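Structural characterization, general
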Amino acid sequence: MEEFRKAYVQLCKESGAQPQETVLQQLHELREGPGQSRLDFATQSLSVDTCRVLGKLLQDEILFTEIMLSDCMLNEEGVRQLLNGLCSNTVVKSLDLKGNNLRALGAEALGKLLRQNKSIRSLTLEWNSLGMWEEGFSLFCQGLGANRFLQWLDLRNNQINHQGAGELALALKCNSSLRELDLRWNNIGLLGGRALLSCLHSNKTLRRLELAGNNVPSDILKAVEQAMDHNQDRQTILAENHSRTRVLSKEVFSLKEEKAKQFLDLMDTIDKQREEITRSSRTSAARVGQLQEALNERQSVMNSLKAKLQMTEAALALSEQKVHNLGELLSATKQEQASMAECQLKELRQQKQEASDRETNLLQQLSAANEKNLLLRNQVDELERRCKAQQDQLFQVKQDLTNTTAELKLRVVQAEERLEMEKKRFKQGLEDMESLRLKEVDHMTHHMEASEHSMQERIQRLEATRIGLEEQQRLDHLEEKLRLMTQSRDEAQNYCLQQKQAVGEAQAKVSQMTLQTEGLKRRMEELQQDLSGKEQEKVAEVNKVRVELQEQIGHLQAERTAQEGLKEKIAALERQLKVLSSNHREALLDKESEISTLQEKLRMKEAEISRMREEEAQRASFLQNAIMAYVQGSALGALSPRK
C-alpha cells in the first residue's frame, strides 16, 4: 500500500498535478489496515488529474480486487481516463460507480471496459443517467453483449426508456455470462418489457431480473418471473448433470489408469521373463562352447596320444552323456518357458476380458443415468406445469405485498422527513446558543484586555514619576542635602503609602476580575451542561422516534402476518367452499337422479292408472251393453204372452 501511495505521488509530480489530500489520507488509512484488498474512495471528490493518475496506476495493479467510487462527483473525462486504465487490469472483480451522473462519454467508456476487461464480475451503476443518450447507451449495450465474464449488473435509476430496453434485450441475446440484472426504477414501460421478455427465450443463463417501478404490466412481470424460475431450474439440473458426468468420467479415467497400469505391469513381467530366458540361453551356449573346446582338446589329445585312446574314449563317452543331459535340460527349460508364456497369455486375455466387462458395465450405467436424466426432465416439465398454476395464485399475494411495502416506504420517508426537521431545528438552536456564548466570551475578553491595558499604563506612569523623583532627589542632594533628605524621606513614605493603596486597589480589582472569570467559567459549565442535556434530549427523541418507527414496523409486520393469516384462512375457506360446492354438486346430481327415478315411477304409475281407467271404461261399457241387452230381452219377453 505504501508503494501505491508513493507511485501516486510520483506520477502526480511527473504530470505536474498536485496530489489530493483526501486521496493521500484515504491511502494512509488503507496502509494502516493490513491485508486490504479494497480501494475505497466513496464520497471523495476526485479531480480529472487524480483520475488520470489512478487509471495509469490501476493498469498493472495486482493488490486491489474491489474498487469503490460511489458518490464521487466524477467528471466525464475523469471517468474515461479511469476506465481506460481498468481495461487492461486482470485482478479487479468488483467495481462500484454509484451516484456519479454518468452520461454519454461514461456509457461509451463502460462499453469499452466491458469489451476489453476479463476480470470484473460485479458492476454497480445505480443513480446515473446512462439511458438519456441513446448512442452512448447503445455502445454500452454492445460492450455488454460482447462480454463473457460479468455476472452481476446494477442499472437502477438510470432513466432507461423502452428503446434502451430494446438495446439491452439485443445484448442479452448475445451475452452468456450474466446471472443477475437489476433494472428497477427506470422508464421501460410496456414495449421495453415485451422486448426483454422476448430475449429471455434465447438467454438461458440469466437467473434474476428485477423490473419493479418501470410501469411494466403485471402479466409481463409474471412471465419474466416464470422465465427466471425456469432458468434457475435448468441451471440446477445442468449442474447436477455436470457433476454426475464429472464423477462418471473420473471413474472411467481411474479404470483406464488401472487398466494401463496392469498392462504395463504385465509387459514388465514379460520383459523380465524374456531377459531371464536370454540369460539362460547365453549361459547354456557358453557351457556348450566350453564343452566343444574340451572335446576339441580331447580329440587333439587322442591324435597326439594314441596310447591313451581308451581313456579318451571313456572321457568322450562321459562328455557325450553330459551333452545329452544338457540337451535334456535345455529342452526342459524351453518347455517350461513355453508353458509360462502360455499362462501369462491366458492371464492377459482374462484381464482384457475383465476390462471389457467393466467397460460394458460402465456403458450400461451411463445409459441408465441418461434414462434417469430423461425421467428427471419429464418430472421437471410436470413440476413446471404445476408451478405455473401455483404462480398464478402467488401473483396476487405478491401484488398485495408490494402495496404494503410501498405504504411502509412512504411511512418511513415521512418519519425520516420528520426526523430531519427535528435535527435542523435542534441544530439551529445549538448554533444560536453557541453564537450567544461566543459573544459573551468575546465581551468578557475585551473587558479584561481593557482593564489590563489601563493597569499597565498606570504602572508606567508611576515608574516615570519614580524616575523623575529620583533625578530630582539627586539634583537636590547636591544643593541641599539635609533638607532634601528629610523631605525625600517624607515624600518617600507618602509615595509608599500611595503605592500600597494603589496595590491594594489593584489587588481588589484583580480579585473582582478572578471572581468574574470564575462566574464566566461557571456559566460556561452551565451552558455545557445545558448543551449536554439538550444532546441527551435529542438522543432520547431520536431513540423515541426509532422506537416509534420500530413499533410501527412491528405493527405493520403484525398486520402483514395477520393479512397472511387471513389469506391462509381465505385459501382454506376457498378450499372448503370448493369441497362444499363439489359435495353440493354431487348431492344435486344424486337428487336429480332420484327425481328422474321418481318421475319414471310416476310415469309408470300414470300408465297403470290410465290402463286401469281404460279397463274400468271397458267394463262399464260391457256392463252397459249387458244391461241394455237384458232390458231389451225382458221387454220382448213381456210383450210376447200378451199376443
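Per an unreviewed UniProt entry, the protein goes by the name Leucine-rich repeat-containing protein 45 and belongs to Chelonia mydas. Recorded in UniProt for the protein, the comment headed Subcellular location (unreviewed entry) runs: "Cytoplasm, Cytoskeleton, Microtubule organizing center, Centrosome".

Moving on, we get to the overall build of the protein. If you tally the helices and strands in the protein, you get eleven helices and seven strands. Over its C-alpha atoms, taken along the principal directions, the protein stretches across nearly 200 × 195 × 50 Å. A total of 643 residues make up the protein; the buried ones form 24% of that total. Both charge centroids of the protein, one from 92 positive and one from 99 negative side chains, sit 6 Å from each other.

Quick look at the pattern of salt bridges now. Pairs can form between side chains of opposite charge whenever their charged atoms are close. According to the stated counting rule, one finds 15 salt bridges in the structure shown. Between E77 and R80 there is a salt bridge, with the nearest N and O atoms lying 2.3 Å from each other. Of this pair, E77 and R80 are both found in helix α4 (residues 76–86), three residues apart, which corresponds to roughly one turn of the helix. Residue classification places E77 among the partly exposed positions, given a relative accessible area of 27%. Between E210 and R208 there is a salt bridge; the shortest N-O distance is 3.2 Å. Residue class for E210 comes out partly exposed when judged on its relative accessible area of 22%. Several salt bridges converge on common partners, so that one network encompasses E126, D154, R156, D182 and R184.

All right, on to the sheet that holds strand β7 (residues 208–210) then. Read from one edge of the open sheet, seven strands run β1-β2-β3-β4-β5-β6-β7, paired in parallel fashion. The open sheet has two free edges, formed respectively by β1 (38–40) and β7, since each of these has just one partner strand. Neighbour to neighbour, the strand axes of the sheet diverge by 0° on average, direction disregarded. Pairing geometry for strand β5 (residues 152–154) and strand β6 (residues 180–182), over three bridges, is parallel. The residue bridging D154 from the neighbouring strand is D182, located in β6.

Once that is clear, we can look at helix α5 (residues 104–116). Helix length check: α5 (13 residues) gives 19 Å between terminal C-alpha atoms against 18 Å at 1.5 Å per residue, within 8%. Along its buried surface, α5 packs onto α4, β3 (94–96), β4 (122–124) and α6 (134–146).

Taken together, L623, I627, Y630 and V631 make up a surface patch of nonpolar side chains, about 430 Å² in accessible area. Considering the arrangement of structural elements, one finds I627 in helix α11 (residues 481–642).

Turning our eyes to something else, we now look at the nonpolar core. Judged by nonpolar contacts, the single largest core of 67 residues is most densely connected at L125, F140, L153, L155 and L183. Sequence-distant contacts of F140, that is, excluding residues within four places in its chain, are made with A107, L110, G111, L114, L125, L153 and L155.

What follows covers the side chain of N175. Its location among the elements puts N175 in the loop between α7 (162–174) and β6. Residue N175 is classed as buried on the basis of its relative accessible area of 3%. Reaching out from N175, the side chain makes a polar contact with the backbone oxygen of N147 at a distance of 3.2 Å. Separated by 2.8 Å, the side chain of N175 and the backbone nitrogen of L178 make a polar contact. Residues in contact with N175, not counting those within four places in the same chain, are L144, G145, N147, R148, N203 and T205.

For the rest of this paragraph, the subject is the environment of K13. Residue position: K13 is located in helix α1 (residues 2–15). Note: C-alpha distance between K13 and H584 (571 residues apart in sequence) is 90 Å.

Here we come to the packing of α5 against α6. Two elements in contact, α5 and α6, have axes separated by 7 Å at closest approach and are oriented at 10°. The pairing of α5 with α6 is recorded here as roughly parallel in orientation. In terms of crossing hand, the pair formed by α5 and α6 is left-handed. For the pair α5 and α6, contact is made by A104, A107, E108, L110, G111, L114 and R115 and by G136, F137, L139, F140, G143, L144 and A146, respectively. Class assignment of the residues belonging to the contact of α5 with α6 gives a composition of nine nonpolar, three polar and two charged.

This part takes up the packing of aromatic side chains. Under the definition given, this model contains two aromatic pairs. Centre to centre, the rings of F4 and F64 are 5.2 Å apart; their planes meet at 80°, and the pair counts as edge-to-face. With F4 in helix α1 and F64 in the loop between α3 (48–57) and β2 (66–68), the pair connects residues that are 60 residues apart, well separated along the chain. Considered together, F4 and F64 belong to a single accessibility category, that of buried residues.

For the rest of this paragraph, the subject is unusual backbone geometry. In the Ramachandran plot, T43 falls in the positive-phi region, its phi being about 65° despite a non-glycine side chain. Look at T43 and you get exposed, because its relative accessible area is 58%. Here the phi dihedral of W127 falls at roughly 60°; this positive angle occurs in a residue that is not glycine. By the element assignment, W127 lies in the loop between β4 and α6. By relative accessible area, W127 is classed as exposed at 51%.

About the thresholds
- Residues numbered from 1 in each chain as written.
- Predicted model: local features only at pLDDT ≥ 70, side-chain atom pairs only at ≥ 80, totals over all residues.
- Heavy atoms only, no water.
- UniProt positions renumbered as here; feature names shortened; annotations may be inferred.
- Helix = DSSP H or I, 4+ residues; strand = E, 2+ residues; numbered from the N terminus.
- Buried < 20%, exposed > 50% of the residue type's maximum accessible area, 1.4 Å probe, protein only.
- Lys, Arg positive; Asp, Glu negative; His and termini not counted.
- Charge placed at Lys NZ, Arg CZ, Asp CG, Glu CD.
- Salt bridge = Lys/Arg side-chain N within 4 Å of Asp/Glu carboxyl O.
- Pairing = 2+ DSSP bridges.
- Axes fitted to C-alpha atoms, helices over the stretch in contact; angles between N-to-C directions.
- Expected span 1.5 Å × (residues − 1).
- Contact = heavy atoms within 4.5 Å.
- Patch = residues over 30% accessible without salt bridge, like charges linked within 9 Å, V, L, I, M, F, W, Y side chains within 5 Å.
- Areas by Shrake-Rupley, 256 points an atom, 1.4 Å probe, with all protein chains shown as cover.
- Core = buried A, V, L, I, M, F, W, Y, C linked by side-chain atoms within 4.5 Å.
- Polar contact = N/O pair within 3.5 Å; in protein donor to acceptor, adjacent residues only side chain to side chain.
- Parallel < 35°, antiparallel > 145°, perpendicular 65-115°, else oblique.
- Left-handed = near helix turned anticlockwise from the far one by under 90°.
- Nonpolar A, V, L, I, M, F, W, Y, C, P; charged D, E, K, R; others polar.
- Phe/Tyr/Trp six-rings, centres within 6.5 Å; stacked < 30°, edge-to-face > 60°.

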